[in-house]
Amino acid sequence: MSFNISGSIPVLPPSAAVYLLLVSLPVLVISETTSSLAGHTVFKIVCSTAFACGPLLLKEWSPYDTLIIYGLVLSFIGDICLIPSGSEYYDSSSKPIETSKGGRKGATSLDAPKEVEISTSFKLGILAFAGAHIAYILAFLRNADEVSLSTLVITFAASMAAGKWLGAIYPGSTSTPWSNVLNLSIAGEMRPLVSVYATIISSMLAVATATTAPASSNWPRQRLLGAIMFVLSDLFVAAEAFGDSGVARGVKKATIRRNSVVKIAVGWGLYFWAQMILAGTLYV
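This section reports on the structure supplied with the text. In this text, all values refer to a predicted model and were calculated from it rather than measured experimentally.

Here we look at the overall build of the chain
Here is step 1 of the chain: The helix and strand tally for the chain stands at ten helices and four strands.
Here is step 2 of the chain: Ordered by position from the N terminus, the helices and strands of the chain form the series β-β-α-α-α-α-α-β-α-α-β-α-α-α.
Here is step 3 of the chain: Buried positions account for 50% of the 284 residues belonging to the chain.
Here is step 4 of the chain: Within the chain, contacts between residues at least 6 apart in sequence are counted, and of these 73% link residues at least 24 apart.
Here is step 5 of the chain: Total accessible area on the chain stands at roughly 12,700 Å², and carbon and sulfur atoms take up 67% of it.

And the structure:
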């Protein structure tokens, strides 16, 4: 049975999955803000299991179901890849401090910024999420009553422009009100990789906006809601992995996490509930 209340909210996966996320997500946030790597690892996996387990247990998969499930599984894999290692997670006084996502090595408070050093797991995580978005794109196109080409083009162009403005696409060296607003520092081999990822997720948002789900759906715009939440959650990931939130200035990561509980809660909440909403489209 899907989790719904008289059609007043989006259809969600079975109640057990919803309750699992309701319990595990706050513990994940607490684990991250208290610098518990074990808690972060365990409860991130539990949260990811919550959105993936229900659809995988469906007895029959339509072509749309199959593509959405591919996206959920690839997202699950991406979550595993982005679990930080101990050396990336805890404070270190002898080495340049890295972000908890394992993506960027910054300079100490006394040194100039160094070249970005990207872990293999971080790259694999981005590739997994890119594959997830492609699966969602194909699913939305497969299960649509109509596609508005003008809406598709306008949404894609606006999303790409926003990505450039925020700094996700080849950001400038400095932040201004007109460019690189998030003050991201993406260098080396990550610049084209992140730009391609931004293009793919912009395409996912554009397709979700331009396609109309079958009229039989209780929430025909449910997948658009999930897509929007997913895009917003990625902004939090970008800001943490490449942003200048104090990490590159030598501020201890544990201190940053303790002072960022709201930011962490909102970022994780947007991501995991976006996945639950997209998973819920299988039960419409």
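Moving on from the coordinates now.
Re the environment of V237
Here is step 1 of the chain: Relative to the assigned elements, V237 resides in helix α8 (residues 222-242).
Here is step 2 of the chain: Taking the relative accessible area as the measure of exposure, V237 reaches 24% and is therefore partly exposed.
Here is step 3 of the chain: Put simply, V237 and Y271 are 34 residues apart on the chain and 9.8 Å apart in space, counted from C-alpha to C-alpha.

So, the nonpolar core
Here is step 1 of the chain: Core analysis: the largest hydrophobic core is formed by 59 residues, its most contacted members being F140 and F272.
Here is step 2 of the chain: Secondary structure elements with two or more residues in this core: α1 (15-33), α2 (37-56), α3 (63-81), α5 (120-142), α7 (190-210), α8 and α10 (261-280).
Here is step 3 of the chain: Of all the elements, α10 adds the most residues to this core, at eleven residues.
Here is step 4 of the chain: In this structure F272 touches L21, L25, L28, K44, C47, S48, F51 and D79, once residues within four positions along its chain are discounted.

Section: unusual backbone geometry
Here is step 1 of the chain: Unusually for a residue other than glycine, Y170 sits at a positive phi of about 40 degrees.
Here is step 2 of the chain: Mapped onto the secondary structure, Y170 falls in the loop between α6 (149-166) and α7.
Here is step 3 of the chain: A positive phi is found at N183, a non-glycine position, where the angle reads about 55 degrees.
Here is step 4 of the chain: Of note, N183 is situated in the loop between α6 and α7.

Reading guide: rules and limits
Residues take numbers from 1 onward in each chain, read along the sequence in its written order. Only residues with pLDDT of 70 or above have their local features reported here, since the model is predicted, and side-chain atom pairs are shown and tallied only from 80 upward, although totals for entire chains, interfaces and linings are computed over all residues. Side-chain calculation: all heavy atoms of the structure are included, whereas hydrogens and water are not. Secondary structure is summarised from DSSP: a helix means a run of H or I of at least four residues, a strand means a run of E of at least two, and numbering begins at the N terminus for each. The buried label applies to any residue whose accessible area, calculated with a 1.4 Å probe on protein chains only, is under 20% of its type's maximum; exposed applies above 50%, and partly exposed to all values in between. Contact criterion: two residues are considered in contact whenever any of their non-hydrogen atoms come within 4.5 Å of each other. Computed with a 1.4 Å probe, the accessible areas rest on the Shrake-Rupley method; for each residue, only the protein chains presented here act as cover. To define a nonpolar core, start from buried Ala, Val, Leu, Ile, Met, Phe, Trp, Tyr and Cys residues and group those joined through side-chain atoms within 4.5 Å.

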